[in-house]
Amino acid sequence: MKKRSFSGIQPTGDIHIGNYLAAIKQWVASQAEYDNIFCIVDLHAITIPQDPKILKAKIREVSGLLFAAGIDPKLSAVFVQSQVGAHAELAWILNCFIPMGWMQRMTQFKEKSKELKEQVSVGLFDYPALMSADILLYDTEVVPVGEDQKQHVELSRDLAQRFNSIYGPTFHLPKAVIPEVGARIMGLDDPTKKMSKSEDNPGHAINLLDSPDEIRAKIKRATTDSRREIRFDEKRPGIHNLLVIYEIFSGLSRAEIEASYQGKGYAQLKKDLGEVVVEGLKPLQSRYQELTAEAGHIDSLLAEAAARVRPLAEKTLARVKSRVGLG
Ligand code: ATP
Ligand code: LTN
């Protein structure tokens, strides 16, 4: 029996290389090893105001990008969260077992609520309860995510343990799997902030569907420092971030990269990085164009996957309801 792996991605903004290198790439690489379920989390997306037409379009775009990146619908289920009712239902039940203090410690909520001010919804605060429901519904063992989601996965594990200690064994205990390199890609405009879909500055992120010229221009303008030597040094976040992106896209080791840039400047590195990223994204971009040319294809893959996972989710939900004494 393969281990169950579950992860999610929000259908908001433009998918960027941070999402790709930390999450999507691992999902593609581990398809044979795990029994995979990937969820387009539209219920999480509406924790922040969304335009309905754009949200619908983004669900197709994100799914198309996952398939284009190499997610094989025969090996992995890619489905839309709101098409499986058990997610919202389990989230409510779990809500009643999460101490307020656990939620108040969540750093993502603290950061996002600072930016959103009076637009902060109860849903945004409750985001980790829904995420726990996503994970726990499928007897998940591993959750491949970027560094920023570690705290949320830990909350879902603590919650599973708490529920099990009250009602007896009900949930598997999930664990975050975070890549060693690229777990936290930083913004090109500000390398002290994580690359994010919700950042407006056009120079902030490299998006998977950016044109070659956009990619080259964004990298050229990326913030660095006034030093010269090219070395992996976390104390120099701008150049370190570019080197990490180069390392993953080129497949070269750190020693090889540092050796090949001895005596060369940042301009050369940025030029070369532009080319490896353009080349690295080319196959994905052309597969995306092919996939989306066929009307209805993506929607039917999503509907099939929802039908496949729904019984798994319903089985867990029924177990939980019976433990709690509901229904
Ligand atoms: P936002 O920043 O608008 O909240 P996001 O870019 O974090 O959105 P999500 O859909 O929430 O996007 O995340 C999808 C996956 O990408 C998650 O596993 C998350 O950990 C990962 N991820 C997001 N940003 C980065 C980043 N800068 N570096 C590495 N991984 C990231
Ligand atoms: N919160 C995650 C998206 C997400 C998720 C999940 C990830 C929702 N449910 C379950 C892993 C497992 C994010 O990327 N911001």
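The structure displayed is predicted, hence computed values, not measured ones.

Novice: How do you make sense of the pattern of salt bridges when you look at a structure like this?
Specialist: Pairs may arise between side chains of opposite charge once their charged atoms sit close together. Per the stated rule, a full pass over the model turns up 18 salt bridges. In this structure, arginine 319 engages aspartate 139 in a salt bridge whose closest nitrogen and oxygen atoms are separated by 3.1 Å. Taken together, the positions of arginine 319 in helix α13 (residues 297-324) and aspartate 139 in the loop between α7 (122-136) and β4 (142-144) put the pair 180 residues apart, joining distant regions of the chain. Its relative accessible area of 26% is what places aspartate 139 among the partly exposed residues.

Novice: Honestly, the site of ligand 1 in this entry has me stumped. Any pointers?
Specialist: In the vicinity of ligand 1 there are 21 residues, among which Lys112, Asp148, Lys194, Ser196 and Ser198 approach most closely. Between ligand 1 and glutamine 10, the relevant distance is 2.8 Å, taken from an oxygen atom to a main-chain nitrogen or oxygen of the residue. Within the backbone of glycine 146, one N or O atom sits 2.9 Å away from an oxygen atom of ligand 1. A total of 600 Å² of accessible area belongs to ligand 1 in isolation, and the protein chains cover 97% of it. Top contributing element to the shell around ligand 1 by residue count: helix α1 (residues 17-29), with four residues.

Novice: Whenever I open this one, the packing of helix α6 (residues 107-116) against α7 confuses me. Can you help?
Specialist: Any two packed helices are characterised by the angle at which their axes cross and by the distance between the axes. At a closest axis distance of 10 Å, the pairing of α6 and α7 adopts a crossing angle of 165°. It follows from the interaxial angle that α6 and α7 lie roughly antiparallel. Two packed elements cross with a definite hand, and for α6 against α7 that hand is right-handed. Residue-level inspection shows Gln108, Phe109, Lys112, Ser113 and Leu116 of α6 in contact with α7, the latter providing Leu124, Phe125 and Tyr127. Looking at side-chain class alone, the contact of α6 with α7 contains five nonpolar, two polar and one charged residues.

Parameters at a glance
Here the residue index of a chain counts from 1 through its sequence in written order. Numbering of ligands from 1 and lettering of chains from A proceed in the order in which they are written. With pLDDT at 70 or above as the cut-off, local features in this predicted model cover only qualifying residues; side-chain atom pairs require 80 or more to be listed or tallied, and sums for whole chains, interfaces and linings still use all residues. Note that water and hydrogens are dropped before the side-chain values are worked out from all heavy atoms of the structure. Salt bridges, as used here, are contacts in which a Lys or Arg side-chain nitrogen is within 4 Å of a carboxyl oxygen on Asp or Glu. Runs of E in the DSSP output that reach at least two residues are strands. Runs of H or I that reach at least four are helices, and both are numbered from the N terminus. Note on exposure labels: buried denotes an accessible area under 20% of the residue type's maximum, exposed denotes more than 50%, and partly exposed covers the range between, all computed with a 1.4 Å probe on protein chains only. Consider each residue's heavy atoms; a residue with any of them within 4 Å of a molecule or strand counts as near. Distance and chemistry together define a polar contact, namely a pair of N or O atoms within 3.5 Å, with one atom able to donate a hydrogen and the other to accept it when in protein, and with adjacent residues in sequence counting only for side-chain atoms on both sides. The accessible surface values rely on the Shrake-Rupley method and a 1.4 Å probe; as for residues, cover is taken only from the protein chains in view. Axis definition: a line fitted to C-alpha atoms, over the contacting stretch in the case of helices. Angles run 0 to 180 degrees between N-to-C directions. Under this scheme an angle from 65 to 115 degrees is roughly perpendicular, one under 35 degrees roughly parallel, and one over 145 degrees roughly antiparallel; angles in between are oblique. We call a crossing left-handed when the near helix sits turned anticlockwise from the far one by less than a right angle, and right-handed when that turn is clockwise. Only heavy atoms enter the contact rule, under which two residues are in contact if any of them lie within 4.5 Å. Classification used: nonpolar for Ala, Val, Leu, Ile, Met, Phe, Trp, Tyr, Cys and Pro, charged for Asp, Glu, Lys and Arg, polar for all others including Gly.

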